[in-house]
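Breakdown of the fold
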Amino acid sequence: MTTTDTPPAAGATSAASLNPRRRTFKPNTRHIPVLATLVLLALMYGGGIANYEKFGQPSVFVNLFRDNAVLLVVAVGMTFVIITGGIDLSVGAVISLTTTLTATLLQGGWPPLVVLVLVLLLGSLIGAGQGAVIHFFKVEPFIATLAGLFLARGLALFINQSSIPIRDETWKAISQYRIPLADGVVTKPIALIAIAAVLIAAAVLAWTRFGRNVYAIGGNADSALLMGLPVGRTRIAVYTLSGFCAALGGVLFSINSTSGWALQGSGLELDAIAACVIGGVLLTGGSGYVFGALLGVLVTGLIQTIINFQGDLNPAWTRIIVGVLLFGFIVMQRLVTRRAK
Amino acid sequence: MTSILKNRLFWPAAILVVLLAVNVFTSNQFITIRDGHLFGTLIDILRGSAPLILVALGMTLVIATGGIDLSVGSVMAISGAVACLLISDLGDQNAVGPVLLIIAASIGISVLFGLWNGALVAIVGIQPIIATLILMVAGRGVAQLITDGQIINVQSGPYATIASGFLLAVPVAFLIAVAAVALIVLLTRRTALGLLLESVGGSPTASRLAGIGAKRITVMVYMVAGGFAGLAGLIYSANIKSADSISAGNLIELDAILAVVIGGTALIGGRFSIAGTVLGAILIQTLGVTVVAVGVPAQATLLFKAIVVVALCLSQSPAFREKVFGRLKPRPALRAEVAQ
């Protein structure tokens, strides 16, 4: 893990900044964290292949998307929120509310499509509510979404405290469906949904007016307002999007486990924030990419895979290694932003 | 009358009184004396609120300097794990001397974790919420490593005393919390330290220019927060006589921040109120006890908490006051305040 401290790209920039005319490879400062994560991911993957016999099989890599589909979707929503300079602590709780509500409604015989639309709407509504409180009443995002966390998990526990099985045919069919990718490599629909979410979100963030507004608000909300950008609308939309993504994550969770449980997804907000930070999304706002969040999720997923392959390691190491990586990337971000200023 | 109503601690205090009144009617014994100890729901509340008071106390100081400490729950888990591991290795678990030494060592380790947080914030210059997120994520893993994923049980009389013992008919845990509060009040209100803290929270740069060691003070408050979290972790683990690295201090950082906010300390730093924080912590604990006492499932406490957070945040938000009560402008401003 020592490789995180000295990414080759960082060395290249420092040399280049000393002598601006020297024509060396000089990546954009904004790309450095993402490049570092990419290098780290490649090193981890290469190390895994070198050390473990079956690590190189394509199914190992493909399964990363299947196992981390929920986290991926949530991290996508979180990326938007963090780029505006906010934070959303409620996502894990929204997941638990979504799975519980989905399972309860399906048990009650509601049509699957109606349930799907309903829970996605509810998630978006919770997000929009938080966004509105943050924007109109100038409550700190941390506190407003903390209230959302309590509210959503409280509601979930209020509905049902125990795990509810889902016996709906549609849900089961999606859960058991396998998509063959190549010989011996299959994946689940939830992985494809997660990848689709990443692609759509990346396109929206990079190429739409809404995406530019998100960056502008994160860079400086006051100047964005003076430029006549719709700050309020964008900020509320960002939290709505995060709520929608969390609800979608909850639906994926309920499909994957064919059950709903009010304690599901607790602590997931931290994993999502950690994935974003490792993926180079700046927590002060204004900088980051959906692609970076994807890399962050893959890094944390790969750590887990390696620990599984090692077999004799305590699973607690996952948290510690993620913590160490967080530290490395935060310090690197700090150095990069300091230089940029 | 209006001055009492305008006090920012009026509403939290009023809610607390109402909740306690509910408890007087619902509980069998609100407060009695049995076997020479005070006994009853009120004593349970005071005893149970000790860890939260300690954690929230440290959090108040950190928030006063404009920071936040998310890692307190993990530090609680680590200190409980260290203490239980060492005590379970003792030949005689009831020996007072070694147990005291172990307690001191656990708190010392917690202070070191606080030092790590403080160094990241003050010296490396990372945003507090992110700097402490690192230890929040990694710390619980460390605690699980210490206990090797098991729950370590201890049978130590002296250790159990700090959670369930009584001194002069009052629970020891509550006395520890009272002593900590008294110490901090003395340090911040009888010396210049409180003023320095508020000045660092107001503007670190201006404080530094005024000759205040802003960095040193910042590191110090994180160390104090770490130490208090460690002490809270010991009380928690002594209460269940075991080290549970997963549920010890789980989500307590949120409760502690909530207690601080209820107590009227703003998250942006600056002025802080220790009395308010203690009131907030006891209010949260009472809310939990009351919700169970009136027969609502314990988990629904979260719903009530959500309502309390929303109500308090909105009532403290100047933008909300202006939007909602601004329409009452033609009337005297004083009336509008009372109407709240």
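Residues numbered from 1 in each chain as written. Chains lettered and ligands numbered in written order. Predicted model: local features only at pLDDT ≥ 70, side-chain atom pairs only at ≥ 80, totals over all residues.

1. Considering the overall build of chain A
For clarity, the cut-off: Helix and strand definitions follow DSSP, with helices as H or I runs of at least four residues and strands as E runs of at least two, each counted in order from the N terminus. As a reference, a globule follows 2.2 Å times the number of residues to the power 0.38, and the radius of gyration itself is taken over C-alpha atoms. With C-beta atoms placed from the backbone, the exposure class of a residue follows from how many other C-beta atoms lie within 10 Å of its own: 20 or more, buried; 12 or fewer, exposed; in between, partly exposed.
Of the regular secondary structure elements, chain A holds 15 helices and four strands. Relative to the compact-globule value of 20 Å for 341 residues, chain A shows a C-alpha radius of gyration of 21 Å, a close match. Projected onto the principal axes, the alpha-carbon positions of chain A cover approximately 70 × 60 × 35 Å. By the burial criterion, 51% of the 341 residues in chain A qualify as buried.

2. Describing the overall build of chain B
The line we're drawing: Each residue is represented by a C-beta atom placed from its backbone, and any two residues with such atoms within 7 Å are regarded as in contact.
Across its full length, chain B holds 17 helices and six strands. With 340 residues in all, chain B has 50% of them scored as buried. In chain B, the share of contacts with a sequence separation of at least 24, taken over all contacts with a separation of at least 6, comes to 75%.

3. With respect to the pairing of strand β2 (residues 179-182) of chain A
Residues and elements named next belong to chain A. Where we set the bar: In this description, strands pair whenever DSSP reports at least two bridges between them.
Direction of pairing for β2 relative to strand β3 (residues 185-187): antiparallel, over a ladder of three bridges. For Ile-179, the partnering residue across the bridge sits in β3 and is Thr-187. Between β2 and β3, which follow one another and run antiparallel, lie two residues, and Gly-184 among them has a positive phi close to 75°.

4. A word on the environment of Gly-263 of chain B
All names here are of chain B. Along the chain, Gly-263 turns up in the loop between α13 (252-262) and α14 (274-293). Between the alpha carbons of Gly-263 and Ala-13 there is a distance of 9.6 Å; along the sequence they are 250 residues apart. Beyond its immediate stretch of four places on either side in the chain, Gly-263 contacts Ser-273, Gly-276, Thr-277, Leu-279 and Gly-280.

5. Looking at the nonpolar core
Convention followed: Under the definition applied here, buried Ala, Val, Leu, Ile, Met, Phe, Trp, Tyr and Cys residues are grouped into a nonpolar core through C-beta atoms within 7 Å. Residue ranges for the domains originate in an automatic or database domain assignment.
Val-73, Val-74, Ala-75 and Leu-326 of chain A together with Val-55, Ile-235 and Val-309 of chain B are the most contacted members of the largest nonpolar core, which has 219 residues in total. Looking at which element gives the most residues to this core, the answer is helix α12 (residues 214-240) of chain B, with 17 residues. Lining this core are residues from two domains, each supplying at least three of them: domain 1 (2-295) and domain 2 (298-340) of chain B. If we skip the residues at most four places from it in the chain, Leu-326 of chain A touches Ala-274, Val-277 and Ile-278 of chain A together with Leu-133, Ile-134 and Val-137 of chain B.

6. Some details on the interface of chain A and chain B
Short version of the rule: Residues are grouped as follows: Ala, Val, Leu, Ile, Met, Phe, Trp, Tyr, Cys and Pro are nonpolar; Asp, Glu, Lys and Arg are charged; every other residue, Gly included, is polar.
The partner chain B presents 34 residues to the 36 residues of chain A that form the contact. Among the secondary structure elements, those contributing two or more residues to the side of chain A that touches chain B are α6 (112-137), α7 (141-159), α13 (268-278) and α15 (316-340) of chain A. The dominant element in the side of chain A that touches chain B, judged by the number of residues it contributes, is α15 of chain A, at 13 residues. Across the side of chain A that touches chain B, the residue classes break down as 25 nonpolar, six polar and five charged.

7. A closer look at the packing of α6 of chain A against α7 of chain A
Residues and elements named next belong to chain A. Counted only if it meets this: The angle between two axes is taken between their N-to-C directions and runs from 0 to 180 degrees, where each axis is a line fitted to C-alpha atoms and a helix contributes only its stretch in contact. Roughly parallel refers to an angle under 35 degrees, roughly antiparallel to one over 145, roughly perpendicular to one between 65 and 115, and oblique to any angle outside these ranges. Rotating anticlockwise by less than a right angle from the far helix to the near helix defines a left-handed crossing, while the corresponding clockwise rotation defines a right-handed one.
Relative to each other, α6 and α7 sit at 150°, their axes nearing to 9 Å. It follows from the interaxial angle that α6 and α7 lie roughly antiparallel. With respect to the hand of their crossing, α6 and α7 are arranged in right-handed fashion. Two secondary-structure elements touch here, α6 through Ile-126, Gln-130, Val-133 and Ile-134 and α7 through Pro-141, Ala-144, Thr-145, Gly-148 and Ala-152. Of the residues contributing to the contact of α6 with α7, the split by class is six nonpolar, three polar and no charged.

8. Describing helix α9 (residues 189-207) of chain A
All names here are of chain A. The condition is simple: To estimate the expected span of a helix, count its residues, drop one, and scale the result by 1.5 Å. The directions from the helix axis to the C-beta atoms form the arc being described.
The end-to-end C-alpha separation of α9 is 27 Å, in line with the 27 Å expected for 19 residues at 1.5 Å each. Among the residues making up α9, those that are buried are Ile-190, Ala-191, Ala-194, Ala-197, Val-198, Ala-201 and Leu-205. Looking straight down α9, one finds its buried side chains confined to an arc of 120°; they lie on one side. Exposed residues lying more than 90 degrees from the buried face of α9 are Ala-196, Ile-200, Ala-203 and Trp-207.

9. Concerning helix α5 (residues 91-107) of chain A
The end-to-end C-alpha distance of α5 of chain A is 24 Å, a good match for the 24 Å that 17 residues give at a rise of 1.5 Å each. One or two steps after α5 of chain A, the chain reaches Gly-109 of chain A, where phi turns positive at roughly 85°.

10. Things to note about the environment of Ile-321 of chain A
Residue and element names in this part refer to chain A. The residue Ile-321 is located in helix α15 in this model. Accessibility expressed as a C-beta count within 10 Å gives 21 for Ile-321, which makes it buried. For the pair Ile-321 and Val-133, spaced 188 residues apart in sequence, the C-alpha separation works out to 36 Å.

11. With respect to the packing of helix α4 (residues 69-83) of chain A against helix α14 (residues 290-310) of chain A
The description of two packed helices rests on the angle between their axes and on the distance between the axes. Residues and elements named next belong to chain A. Look at α4 against α14: their axes get within 9 Å of each other, and the N-to-C directions meet at 145°. Like other packed secondary-structure pairs, α4 and α14 cross with a definite hand, here right-handed. For the pair α4 and α14, the contacting residues are Leu-71, Leu-72, Ala-75, Val-76 and Thr-79 in the first and Val-290, Ala-293, Leu-294, Gly-296 and Val-297 in the second. Broken down by class, the residue content of the contact of α4 with α14 amounts to eight nonpolar, two polar and no charged.

12. Looking at unusual backbone geometry
All names here are of chain A. One non-glycine residue, Lys-138, lies in positive phi territory at about 55°. Residue placement: Lys-138 occurs in the loop between α6 and α7. The exposure class assigned to Lys-138 is exposed, which follows from the 12 C-beta atoms found within 10 Å. You will see that Thr-258, though not glycine, has its phi angle at about 40°, which is positive. Here Thr-258 shows up in the loop between α12 (231-257) and β4 (259-260).

13. Points about the confidence of the model for chain A
Residue and element names in this part refer to chain A. Going by this rule: Along the chain, pLDDT gives the predictor's confidence residue by residue, from 0 to 100.
Averaged over every residue, the pLDDT of chain A is 83; the share at 70 or more is 90%. Ranking the elements of chain A by mean pLDDT puts helix α1 (residues 8-18) last with 47 and α4 first with 93. Below a pLDDT of 50 lies the segment residues 1-16, which in the model reaches 28 contacts outside its immediate sequence neighbourhood of four places, other chains included.

14. Side note on the confidence of the model for chain B
Residue and element names in this part refer to chain B. In this model, chain B carries an average pLDDT of 81, and 89% of its residues clear a pLDDT of 70 or more. Taken element by element, the predicted model of chain B shows its lowest mean pLDDT in helix α17 (residues 333-339) (47) and its highest in helix α4 (residues 50-64) (91). The ipTM value of the predicted complex is 0.74, and its pTM value is 0.81.

15. Re the environment of Leu-70 of chain B
Residues and elements named next belong to chain B. Position of Leu-70 relative to the elements: it lies in the loop between α4 and α5 (72-89). According to the C-beta neighbour criterion, Leu-70 is buried, with 25 such atoms within 10 Å. Separated by 169 residues in sequence, Leu-70 and Asn-239 place their C-alpha atoms 23 Å apart.

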